Structure formats: structure tokens, C-alpha cells
Amino acid sequence: MEELRQEEITSALLKTIKKKIKTIGRRVRIMEVCGTHTMTVYRYGLKNLLEEAGVELLSGPGCPVCITPDEYHEIVIDLLTKRDKMIVATFGDMTRVPTSRGSLQTAVPAPSSFLKIVYSPIEALQLAQNYPDYEIVLFGAGFETTIPSLAFTIKEAQARSLRNFSLLAACWLIPPPLRAILESGEVGLDGFLYPGHVSAIIGSAPYRFIAEEFKIAGAITGFEPNDILLGIIATLDQIINGIPEVAIEYCRAVSVEGNPKALALMAEVFEVKDAFWRGLGFIPQSGLTLKNQFEEFDTLKRFSLNLIPSKKSFNPACRCGEVLRGLIQPTQCSLYERLCRPESPYGPCMVSFEGACLIYYKFGQRGKS
Amino acid sequence: MCLGIPAKIVAIENDYFGRVDYLGTKIRVNLSLLDQVQVGDWVIIHAGFAITRLKEEEAQETLNLLREIATGEKTDL
Ligand code: SF4
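Rules used throughout
- Residues numbered from 1 in each chain as written.
- Chains lettered and ligands numbered in written order.
- Predicted model: local features only at pLDDT ≥ 70, side-chain atom pairs only at ≥ 80, totals over all residues.
- Heavy atoms only, no water.
- Pairing = 2+ DSSP bridges.
- Helix = DSSP H or I, 4+ residues; strand = E, 2+ residues; numbered from the N terminus.
- Buried < 20%, exposed > 50% of the residue type's maximum accessible area, 1.4 Å probe, protein only.
- Contact = heavy atoms within 4.5 Å.
- Axes fitted to C-alpha atoms, helices over the stretch in contact; angles between N-to-C directions.
- Near = heavy atom within 4 Å.
- Nonpolar A, V, L, I, M, F, W, Y, C, P; charged D, E, K, R; others polar.
- Disulfide = S-S within 2.5 Å.
- 1 Å grid on protein atoms, 1.4 Å probe; cavity = no way out; pocket = protein on both sides within 12 Å on 5 of 7 lines; lining within 4 Å.
- Points joined across faces, edges and corners; volume = space filled by probe spheres on them.
- Arc of directions from axis to C-beta.

(A) Quick look at the pairing of strand E10 (residues 270-277) of chain A. Residue and element names in this part refer to chain A. Bridge count for E10 against strand E11 (residues 281-290) is seven bridges, and the pairing is antiparallel. Across the sheet, Phe276 pairs through a bridge with Phe282, a residue of E11. Where E10 folds back on E11, the antiparallel hairpin that results is connected by three residues, among which Gly279 adopts a positive phi of roughly 80°.

Right, here's the structure in full:
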């Protein structure tokens, strides 16, 4: 794998990209959908090098922490602060997202309740068994990469007949927001770099509409710097040939059909619903909810709650929405660095390791050359 | 968060769980999303689950492609 990182190869790939841009005869704009791609792009200084070569990379909505709207947080903050014997279990990043009611981390739990950070959703099952007289709410946020693990967890909860466990599913599908971004026409794009590990689950077929309907090129790519550059080359080739497709440049981990076992598990436990995204708003058929036969594990049903789009945002000046749609760079937000920093985030894009603002803050100014 | 760092299966415990070597640390992971995982397989871990197996042949293909481009650019000069 070392070779995937070799700088000598990186500069050869950049040269190839320059030539292809020359052939195309104009600058090209590509959206990298996945937060981890954004990280690679900045960490290895590719952003500036590509800029010089004529490729503008824009970050997309590929950070589940960032696109989960405040109302989900408000629901779990309420449960944690108002109910006794409540354990809210969630992934680390989720606890620091600021809302008008504070974050999960700053919220003061009811006397016997507490917050528990988990690395894997199955840890929540253990909590349910260890604390039989507590309610355990798993606040599970994720894309198709994470959703199969949540589905497994629900099936296990049923198999173990757990009566004190539920899931607040903040589950998001990646292809629908890409359609929303293209349909809005807000940002002119020539191509997409599709997320490697979402695609390991869903395969390449769900993106095909982007090539067929919108005639936009793209490639599924891995997470090494040279992987990203290969993905860009594949995208440029499609632009040159005039034949957009969904290339798989991460074939060591991704196949056309994805992971059938994970997909079957997802389909068994969840059904697709319309959903609201932070920054992108209402997107048809873009979220998931537990199927009826698992409704006893649905936090919303268990506590008779509704997701009502939050009216008050923690800070209206936060421009995460535009960052997530590829409309602005983090530095164009007036709060960036001045008030909004990793230790005092004003929006989720400065909280998550996959958030564009945090990545920019950490690596943005650093070119490799 | 998916860093995409490969992990190597070092033990299979039961139908669901096994152990991987992840950057030198042995961790317990859920293997139920993959079929017929074997000791020695390389996988990608996400949230405690192995989500995909890495295929050696395809990895080699990518490396060959990279070498080809690198050599091509050199001789081009
Ligand atoms: S810099 Fe902070 S306030 Fe501005 S968009 Fe990013 S997260 Fe929001």
C-alpha cells in the first residue's frame, strides 16, 4: 500500500491531470462528496496543487454529523435532561454539536441519567443489559457505511428481547442529496468523486442516474492521495470522451453490486422515508425509519415524539448549510476562526472530523510544497 | 468516521465476531456483514464492523496503473 502514497507518483498524476485539463480547454469543478476525501485533499496539500492544475474541488454533504439537523439533537437533549434513568449513547462527534439548547456534552442530565460515548452501536446493547432498569437511547447517525451496523444492532436487540433499548435513527442516504444539488443548479459541477465506503456498501449502480440523466462524470475513489488523483483522472477522461459514467477507481474495496449482505440487512430493518437535511432542507426518499416490525425499538414511537424542524438555530450566522452545498468555502463564513474554532464550535462543520470547517481549520493553510 | 485503513483478520471467534490487527493493535470486530471471512483476509472496519473485504488482485491492478502513469510521464519529458 505504501506505493499509493509515493510522492513521485503523485507528481506524475498531477502532470497527467494538467495535460487533460489542457485538452478540455477550461478549468473543471469536481465535488468530493465524502468528508474523509476532504481530509485527504487538505492533509496532503492536494487542494492547492489541483487548483494550480486547473481542478477546483468542492466539499459536499458527506458528513453525517454535519447534515443531521438540530431537532434530532434537541430530542435526545430533552430525553437526557428531563427523564430519570436515561442513558443516551452516541458517537463522539455527535455530543459536541451546538444547538439552541446546548450540546449533548454541555446539557446537564437528569439526576440519574447520563451520556455515554460509544465507538460501535453494539456497545449500546451491552449497556441495555448492564442497566436493566434504565432506558437506553442510541442516537445513531450515519450514511450507508454505518446503517448496516445499526440494522444489525436492532436485530440483535430483538433477538435478545431487550425491553429498554431504542434507536433514534439519523440515517441518511447519499444519492438523493446529490440529485438535490444537481436539480437546484446552485453550483455548476463537472463531476463527482463518490465516497469509497458508502459505495463499498451500495455499489456503483445508485449513482448511475447522475451520468445518465444529468450527464455528469464521476468516479468512486479511495482515501490515499493517489487514489483521489486517479479518481480525478477517470473523471477528466469521461469529460474528454463525452461519455459520463460511474467509474470505480477503488476496486480493491468496491464492486458494482456493493455488499449484498449489508444491503439485505438494511432493507430488512429499515424503510426509506422523506427527510430534512441541515442545509439542504427537504429531500424526498433520503432518510430511513425502522420498519413496523421493529417499531418497539424506535425512540420516536417509544416516547411519542415527533421530529419538528427546529426554528431556532444556535447561531443564525453559521453558514454550514452553504458549506455543505459546496457554495462557499469555510473561510467565507464571518465566524470562521474569529469565533468558531474547534474548541468552541458554532456549527457542526467545525465539530466533526469529517466537517469541512474543521478540516480546513486544521489543514487548510498548509500546502505540501 | 471511515479512515479506510485496512485491518487484517487474525482470529475468528464465532458466527459474528473476530479479531483484527489494526495498525498493530488487536481489536474485536463484528464480521456478520461479510460472507466467509478467513484469517489472513484484509478488511475495512467502520463502527466496529468489517464492511468490505480488500481484494489483493484489484489492489495490484491499481498499483500497476499508477506505475504505468508514472513511467509514462517520465518518458514523456
Ligand atoms: S466556520 Fe463555524 S459558524 Fe461558520 S459555517 Fe463553519 S461551522 Fe458554521
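(B) Broad picture of the side chain of Ser166 of chain A. Residue and element names in this part refer to chain A. Locating Ser166 in the fold gives a position in strand E6 (residues 165-171). Residue Ser166 is classed as buried on the basis of its relative accessible area of 0%. Discounting chain neighbours no more than four positions away, the residues touching Ser166 are Ile136, Val137, Leu138, Phe297, Asp298, Thr299, Arg302 and Phe303.

(C) Quick peek at the environment of Val41 of chain A. Residue and element names in this part refer to chain A. For Val41, the position within the fold is in helix H2 (residues 35-43). For Val41, a relative accessible area of 1% gives the class buried. It is 9.1 Å that separates the C-alpha atoms of Val41 and Phe223, two residues lying 182 residues apart in sequence. Apart from the residues within four sequence positions on either side, Val41 is in contact with Leu46, Lys47, Leu57 and Ile228.

(D) Inspection of the sheet that holds E6 of chain A at higher detail. Residues and elements named next belong to chain A. Taking strand neighbours across the sheet as the criterion, the four strands line up as E4-E3-E5-E6 in an open arrangement whose pairing is parallel. A single partner strand is all that each edge strand has here, and the edge strands are strand E4 (114-117) and E6. Averaged over all neighbouring strand pairs, the angle between strand axes comes to 20°, with direction disregarded. Strand contacts of helix H6 (residues 123-130): strand E3 (86-90), E4, strand E5 (135-142) and E6, with the helix running at about 175° to E5, the strand carrying the most contacts.

(E) Representation of the site of the ligand within the structure. All residues adjacent to the ligand are Cys318, Arg319, Cys320, Cys333, Leu335, Tyr336, Cys340, Tyr346, Gly347, Cys349, Met350 and Cys357 of chain A. When its residues are assigned to classes, the shell around the ligand shows 10 nonpolar, one polar and one charged.

(F) Quick peek at the state of the cysteines. Residues and elements named next belong to chain A. Under the counting rule described, the total for this entry stands at one disulfide over all chains. Between Cys63 and Cys66 runs a disulfide, and the two sulfur atoms are separated by 2.3 Å. Taking the sign of the torsion about the S-S bond as the criterion, the disulfide between Cys63 and Cys66, at about 70°, is right-handed. Pair check on accessibility: Cys63 and Cys66 agree, each one buried.

(G) View of empty space enclosed by the protein. All names here are of chain A. For the structure on display, the rule yields two cavities of 30 Å³ or more. Residues of the lining of the largest cavity, tallied by class, amount to 12 nonpolar, one polar and one charged. Each pocket or cavity is described by its volume, and for the second largest cavity that value is around 60 Å³. Lining of the second largest cavity is provided by 15 residues; of these, Gly60, Cys63, Leu324, Glu354 and Ala356 occupy positions nearest its centre. Mapped onto the lining of the second largest cavity, the elements with two or more residues apiece are strand E1 (28-34), H2, strand E2 (55-62) and helix H14 (320-324). By residue class, the composition of the lining of the second largest cavity is eight nonpolar, six polar and one charged.

(H) Just the pairing of strand E1 (residues 6-12) of chain B, in detail. Residue and element names in this part refer to chain B. Bridge count for E1 against strand E4 (residues 42-46) is three bridges, and the pairing is antiparallel. Its bridge partner being in E4, Pro6 is matched across the sheet by Ile44. Relative to strand E2 (residues 17-22), E1 runs antiparallel, the two sharing four bridges. Of the residues in E2, the one forming a bridge with Ala11 is Arg19. Here E1 hands over to E2 after four residues, the two strands then running antiparallel side by side.

(I) Just unusual backbone geometry, in detail. All names here are of chain A. Of note in the backbone geometry, Ser161 takes a positive phi value of approximately 50° without being a glycine. Inspection of the secondary structure puts Ser161 in the loop between helix H7 (147-159) and E6. For Ser161, a relative accessible area of 44% puts it in the partly exposed group. Although it is not a glycine, Glu337 sits at a positive phi angle of roughly 70°. Turning to its location among the elements, Glu337 is positioned in the loop between H14 and helix H15 (356-363).

(J) Structural detail: the environment of Gln293 of chain A. Residues and elements named next belong to chain A. Looking at the element boundaries, Gln293 is found in the loop between E11 and helix H13 (299-302). For the pair Gln293 and Glu268, spaced 25 residues apart in the sequence, the C-alpha separation amounts to 9.7 Å. Once you skip the residues sitting within four places of it in the chain, Gln293 turns out to touch Gln158 and Glu268.

(K) Fine view of the sheet that holds E1 of chain A. Residue and element names in this part refer to chain A. Pairing is parallel in the open sheet, where five strands are placed in the order E2-E1-E7-E8-E9. With partners counted over all chains shown, the strands left at the sheet margins are E2 and strand E9 (246-248), one partner each. Ignoring which end each strand starts from, the neighbouring axes of this sheet average 25° apart. When E1 meets strand E7 (residues 191-194), the two strands line up parallel, connected through three bridges. Each bridged residue has a counterpart across the sheet, and for Glu32 the counterpart in E7 is Leu193. With respect to the sheet, helix H11 (residues 225-241) is in contact with E1, E2, E7, strand E8 (217-220) and E9, its orientation differing from that of E8 by roughly 150°.

(L) Spotlight on H6 of chain A. Residue and element names in this part refer to chain A. When we look at burial in H6, the residues that qualify are Ala124, Leu125, Leu127 and Ala128. What you see down the axis of H6 is that its buried residues fit within an arc of 155°, all on one side. For H6, the elements touching its buried residues are E3, E4, E5, H7 and E6.

By themselves, these observations are geometric and do not establish any function.
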